[in-house]
Structure formats: C-alpha cells, structure tokens
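Summary of the model geometry
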Amino acid sequence: MTFFGINFIENQLHLSNFIKYFVTGLLVLALIIAITLYLRHRIQVKYRDLSIIVSTPM
C-alpha cells in the first residue's frame, strides 16, 4: 500500500486549480471574442449563437 505525503497531495490540488483557472480563462476569452464579433457584425446571428453556447455552463 502506498501512502502519499502531504506535499504530494498539495501539489495535486494546486495543479487541479491551475487547470480550472486555465479553462475558465479560455472560456472567458472565447466569450469576449464572440461578443466582439457579434457587435461588429450584427446582421450575422452565428456570432450571437456562439456567445450563447460559450456562456452556457456545461
């Protein structure tokens, strides 16, 4: 049976938090880009649809 030290467990938690922050940042960036494109081209509704898809939580 393998027992892990507290340092290993803390490093795993920090890595998990980093991945969550990275994914959240990418989603926010994608949302900003979609909203900007929608505001620039109001006639095309595909950018509005993209912003709705990105902002909807999974």
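A short tour of the structure in this document, coming up. Only a predicted model underlies this, so the values are computations on that prediction, with no experimental measurement involved. (Residues numbered from 1 in each chain as written. Predicted model: local features only at pLDDT ≥ 70, side-chain atom pairs only at ≥ 80, totals over all residues. Heavy atoms only, no water.)

Considering the overall build of the chain
Across its full length, the chain holds two helices and zero strands. Taking 2.2 N^0.38 as the reference for a compact globule, 58 residues should give roughly 10 Å; the C-alpha atoms of the chain span a radius of gyration of 19 Å, well beyond that estimate. Buried positions account for 5% of the 58 residues belonging to the chain. When the accessible surface of the chain is summed, it comes to about 5400 Å², and 70% of that surface belongs to carbon and sulfur atoms. (Helix = DSSP H or I, 4+ residues; strand = E, 2+ residues; numbered from the N terminus. Rg over C-alpha atoms; globule rule 2.2 N^0.38 Å. Buried < 20%, exposed > 50% of the residue type's maximum accessible area, 1.4 Å probe, protein only. Areas by Shrake-Rupley, 256 points an atom, 1.4 Å probe, with all protein chains shown as cover.)

Describing the packing of helix α1 (residues 6–40) against helix α2 (residues 46–55)
Between α1 and α2, the shortest axis-to-axis distance is 8 Å and the interhelical angle comes to 160°. Here α2 runs roughly antiparallel to α1, going by the angle between their axes. In the packing of α1 onto α2, the handedness of the crossing is left-handed. Residues L27, A30, L31, A34, I35, L37 and Y38 of α1 form the contact with α2, whose own contacting residues are Y47, R48, L50, S51, V54 and S55. (Axes fitted to C-alpha atoms, helices over the stretch in contact; angles between N-to-C directions. Parallel < 35°, antiparallel > 145°, perpendicular 65-115°, else oblique. Left-handed = near helix turned anticlockwise from the far one by under 90°. Contact = heavy atoms within 4.5 Å.)

With respect to a nonpolar patch on the surface
On the surface, L15, F18, I19, F22, V23, L26, L27, L29 and I33 cluster together to form a nonpolar patch covering roughly 850 Å² of accessible area. Mapped onto the secondary structure, V23 falls in helix α1. Here V23 falls in the partly exposed class, since its relative accessible area comes to 41%. (Patch = residues over 30% accessible without salt bridge, like charges linked within 9 Å, V, L, I, M, F, W, Y side chains within 5 Å. Salt bridge = Lys/Arg side-chain N within 4 Å of Asp/Glu carboxyl O.)

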